Amino acid sequence: MIVSEILDRVKLLIDHDLTPAQVIANMNELTKKLFRKFPLPDAVCKFPTTATPYYSLPDDCSEDRIRVVTIDGVDYTKVAPETQTPPANFCTVFSGALFISPNCVGKVAYLYYRPRPDGLTASNMSTEPAFYPDYHDLYVYDAAKWIAGIQRDVDLRNNFQAEYDELLKDATKQLKKMGLKRVKETIEW
């Protein structure tokens, strides 16, 4: 379900005069909450190693989301730059660049990280939320619940909360059953 469809369904459930940008800001907050509860599967970025041990990070990867770098089956543990005694094989981030030590030239490195979900915007109403499509109704009921709360309509808010809770319970059961250890390759340099 794309953003415009979600907004239309919300409008059908509860009449409001909020702007799409205001409702979408609430949807972005829900996305953050959902991905704290249900992390995205690990992404992997494959790149060749060069003589310079500094590499650019993918756009959806921040320093705190790096899990490990693997080169020839050897894991390079991510450590903080101020670590006094790092392990023999390690990686860290300096000034936004990934540093790998020891650097193996001419090999293929795999960066495993937790990607950041993309934010939704009012300027692009044809995008889909990053969360699993089967559970996009969570966005509808969460926005309707939020709007009912703003309007101080306790009965409607409670009804939307019940619908949201039921969907979230189903999502929890189904997504935990699927497992979240799947890896998807997102970028290849």
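Bear in mind the structure is a predicted one, so any value in this text is a computation, not a measurement.

Enquirer: Before we go on, may I ask you to explain the nonpolar core in this structure?
Expert: Across soluble globular proteins, nonpolar side chains have a tendency to be buried as a group. Membership of the largest hydrophobic core comes to 30 residues, with the highest contact counts inside it found for M27, L34, F131 and L138. Dropping the residues within four chain positions of it, M27 is found in contact with I6, L7, L120 and Y139. One finds F47, C61, I71 and L111 within the second-largest nonpolar core, a separate group that totals 17 residues.

Enquirer: Hey, could you run me through a negative patch on the surface in this one?
Expert: Where like charges cluster on the molecular surface, the negative patch consists of D134, E163, D165, E166 and D170. Structurally, D170 is set in helix α4 (residues 154-178). Under the relative-accessibility criterion, D170 is labelled partly exposed at 33%.

Enquirer: I keep staring at helix α3 (residues 137-150) and nothing clicks. Help me out?
Expert: For an α-helix, the turn length of 3.6 residues means that residues three or four places apart are oriented alike. Helix length check: α3, at 14 residues, gives a terminal C-alpha distance of 20 Å against a target of 20 Å (1.5 Å per residue), a fit within 8%. Counting buried positions over the 14 residues of α3 gives 10, a clear majority of the element. For α3, the set of buried residues is L138, Y139, V140, Y141, D142, A143, A144, K145, I147 and A148. Within two residues after α3, R152 carries a phi angle of roughly 60°, on the positive side.

Enquirer: Could you clarify how one ought to interpret the pairing of strand β5 (residues 90-94) in this entry?
Expert: Strand residues, when the strand is regular, have side chains that alternate between the two faces of the sheet. Burial runs high along β5: four of the five residues are buried. With two bridges joining them, strand β4 (residues 74-78) and β5 adopt parallel strand pairing. Counted as the bridge partner of T77 is F90 from β5. Relative to strand β6 (residues 97-101), β5 runs antiparallel, the two sharing five bridges. When the sheet's bridge partners are listed, T92 is paired in β6 with F99.

What counts, and where the lines are drawn
- Residues numbered from 1 in each chain as written.
- Predicted model: local features only at pLDDT ≥ 70, side-chain atom pairs only at ≥ 80, totals over all residues.
- Heavy atoms only, no water.
- Core = buried A, V, L, I, M, F, W, Y, C linked by side-chain atoms within 4.5 Å.
- Buried < 20%, exposed > 50% of the residue type's maximum accessible area, 1.4 Å probe, protein only.
- Contact = heavy atoms within 4.5 Å.
- Patch = residues over 30% accessible without salt bridge, like charges linked within 9 Å, V, L, I, M, F, W, Y side chains within 5 Å.
- Areas by Shrake-Rupley, 256 points an atom, 1.4 Å probe, with all protein chains shown as cover.
- Salt bridge = Lys/Arg side-chain N within 4 Å of Asp/Glu carboxyl O.
- Lys, Arg positive; Asp, Glu negative; His and termini not counted.
- Charge placed at Lys NZ, Arg CZ, Asp CG, Glu CD.
- Helix = DSSP H or I, 4+ residues; strand = E, 2+ residues; numbered from the N terminus.
- Expected span 1.5 Å × (residues − 1).
- Pairing = 2+ DSSP bridges.

Note that all results are geometric; they support no functional claim without further evidence.
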